[in-house]
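# Residue-level structure breakdown
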Amino acid sequence: MKLKKHIFLIGFMGVGKTSTSRKLSKRLHVEEADTDAMIVQREGRSIPQIFEESGEPYFREVETGVLTELAESEPCIVSCGGGMAMQEQNVVKMRECGVIFFLTASPETVYSRVKDSTSRPLLNGNMNVPYIRQMMETREPKYRSAADIVIETDGCTSAEVADKIIAKLGDIT
Ligand code: S3P
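Computed from a prediction, not measured in an experiment: that's the story for all the values here. (Residues numbered from 1 in each chain as written. Predicted model: local features only at pLDDT ≥ 70, side-chain atom pairs only at ≥ 80, totals over all residues. Heavy atoms only, no water.)

### Some thoughts on the sheet that holds strand β5 (residues 149-152)
For clarity, the cut-off: If DSSP finds at least two bridges between two strands, the strands pair. Note on conventions: DSSP H or I runs of at least 4 residues are helices, E runs of at least 2 residues are strands, and numbering of each starts at the N terminus. Simply put, an axis is a line fit to the C-alpha atoms, just over the touching stretch for a helix, and the angle between two N-to-C directions goes from 0 to 180 degrees. When checking whether two residues touch, look at their non-hydrogen atoms; a contact exists if any pair is within 4.5 Å.
Read from one edge of the open sheet, five strands run β2-β3-β1-β4-β5, paired in parallel fashion. The outermost strands of the open sheet, each flanked by one partner alone, are β2 (32-34) and β5. Each strand of the sheet is rotated relative to its neighbour by a mean of 25 degrees, with strand direction disregarded. Across three bridges, the pairing between β2 and strand β3 (residues 77-79) is parallel. Counterpart to E32 in the pairing with β3 is I77. Those strands touched by helix α8 (residues 158-169) are β1 (6-10), β4 (98-104) and β5, and its axis lies near 155 degrees from that of β5.

### A look at the site of the ligand
Filter applied, for reference: Any residue with a heavy atom positioned within 4 Å of a molecule or strand is treated as near that molecule or strand. What qualifies as a polar contact is a pair of N or O atoms within 3.5 Å, subject to a donor-acceptor requirement within protein and to the restriction that residues adjacent in sequence count only when both atoms come from side chains. Using a 1.4 Å probe, the Shrake-Rupley method yields the accessible areas, and only the shown protein chains count as cover for residues. Ten residue types, Ala, Val, Leu, Ile, Met, Phe, Trp, Tyr, Cys and Pro, are classed as nonpolar, four, Asp, Glu, Lys and Arg, as charged, and the remainder, Gly among them, as polar.
Around the ligand, a shell composed of 13 residues is seen, among which K17, D36, R60, R120 and R139 lie nearest. Within the contact set of the ligand, an oxygen atom lies 3.3 Å away from a backbone nitrogen or oxygen of G83. In the environment of the ligand, an oxygen atom lies 2.6 Å from a nitrogen or oxygen atom belonging to the side chain of R120. For the ligand, whose free accessible area comes to 390 Å², the fraction covered by protein is 95%. Taken together, the residues that form the shell around the ligand break down as five nonpolar, three polar and five charged.

### Thoughts on the packing of helix α2 (residues 35-43) against helix α4 (residues 56-71)
Heads up, the condition is: Here is the rule for angles: anything less than 35 degrees is roughly parallel, anything more than 145 is roughly antiparallel, 65 through 115 is roughly perpendicular, and the remaining ranges are oblique.
The interhelical angle for the contact between α2 and α4, taken along N-to-C directions, is 110 degrees, at an axis separation of 10 Å. Relative to α4, the element α2 is oriented roughly perpendicular. On the side of α2, the interface is formed by T35, D36, M38, I39, R42 and E43, while α4 contributes Y58, F59, V62, E63, G65, V66, E69 and L70. Taken together, the residues of the contact of α2 with α4 break down into seven nonpolar, two polar and five charged.

### Some words on the packing of aromatic side chains
Inclusion rule: Centre distance within 6.5 Å is the pairing criterion for rings of Phe, Tyr and Trp, where only the six-membered ring of Trp is used; planes under 30 degrees apart are then read as stacked, over 60 as edge-to-face, and the remainder as tilted. We call a residue buried when its accessible area falls under 20% of the maximum for its residue type, exposed when it is over 50%, and partly exposed in between, using a 1.4 Å probe and counting protein chains only.
Counting across every chain of the model gives two aromatic pairs. Centre to centre, the rings of F51 and F59 are 4.9 Å apart; their planes meet at 45 degrees, and the pair counts as tilted. Residues F51 and F59 agree in their burial class; the two are buried. Ring centres 5.1 Å apart and planes at 25 degrees place the aromatic pair F102 and Y143 in the stacked group. Within this pair, whereas F102 is found in strand β4, its partner Y143 is found in helix α7 (residues 129-146), the two being separated by 41 residues in sequence.

### Examining the pattern of salt bridges
Note the cut-off: We define a salt bridge as a side-chain nitrogen of Lys or Arg found within 4 Å of a carboxyl oxygen belonging to Asp or Glu.
Counting across every chain of the model gives 11 salt bridges. Of the charged contacts, one joins D148 and R95 as a salt bridge, the two residues approaching to 3.5 Å between their closest N and O atoms. Of this pair, D148 sits in the loop between α7 and β5 while R95 sits in helix α5 (residues 88-97), placing them 53 residues apart in sequence. A relative accessible area of 40% means that D148 is categorised as partly exposed. Linked by salt bridges that have partners in common, E43, R45 and E53 make up one network.

### Re the nonpolar core
Our working definition: Residues grouped as a nonpolar core are buried Ala, Val, Leu, Ile, Met, Phe, Trp, Tyr and Cys residues, joined through side-chain atoms within 4.5 Å.
By size, the foremost hydrophobic cluster in this structure holds 53 residues, and its most contacted members are I10, F12, M94, F101 and I165. Discounting residues that sit within four places of it in the chain, M94 has contacts with F8, I10, L67, C80, M84, A85 and I100.

### Points about α5
In an α-helix, one turn spans 3.6 residues; hence positions three or four apart end up facing the same way. We count it as follows: Throughout, the arc means the angular range of directions from the helix axis out to the C-beta atoms.
Of the positions making up α5, those classed as buried are N90, V91, M94 and C97. Looking straight down α5, one finds its buried side chains confined to an arc of 145 degrees; they lie on one side. Exposed side of α5, more than 90 degrees from the buried face: E88 and E96 are the residues found there. Turning to α5, the residues buried within the fold contact β1, α4, β4 and α7.

Listed below in structure tokens is the structure:
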């Protein structure tokens with residue numbers, strides 16, 4: 001299948017953007033890209049290393065650079081790092097070339113998915129439901145205003161989330 005526009009998956013850490021984009025890619029036979037994986041590859045360092053050695057602002061610059069590169073390439077499914085939609089310039093870029101799906105999950109669901117991860121520097125040392133809830137509430141308005149379509153993922157497998165997205169794709173594919 002050939003997409004007319006990119007499909008961007010945004011949302012908080014641990015909502016299942018990467019696993020959903022893999023499912024979508026298989027179901028639609030369309031390439032998928034993961035902005036975190038592209039950053040790691042480009043930098044030759046892990047995300048925690050980039051944050052520690054170069055700081056978050058540097059990470060955000062590289063993240064925007066990766067998005068710019070994707071925006072100029074063939075439409076595909078893009079799993080975005082959880083902070084991508086926090087920068088207005090990124091949202092503008094995504095809107096220009098794609099459809100934005102905001103994946104939601106409760107703080108409890110997110111916690112259950114990320115609690116054993118050490119690869120998310122923004123949660124290191126704050127791996128608990130109240131912290132996740134607070135950070136999610138702070139970010140929520142930006143995710144919502146960026147989104148074309150909101151998809152709830154609580155209680156769903158990634159295959160079910162992919163089905164929900166496919167049902168909404170309509171004539172963009
Ligand atoms: C971040 C989310 C992470 C990663 C980085 C920062 C964020 O991606 O980009 O740790 O600011 O929410 P995931 O959403 O894939 O965990």
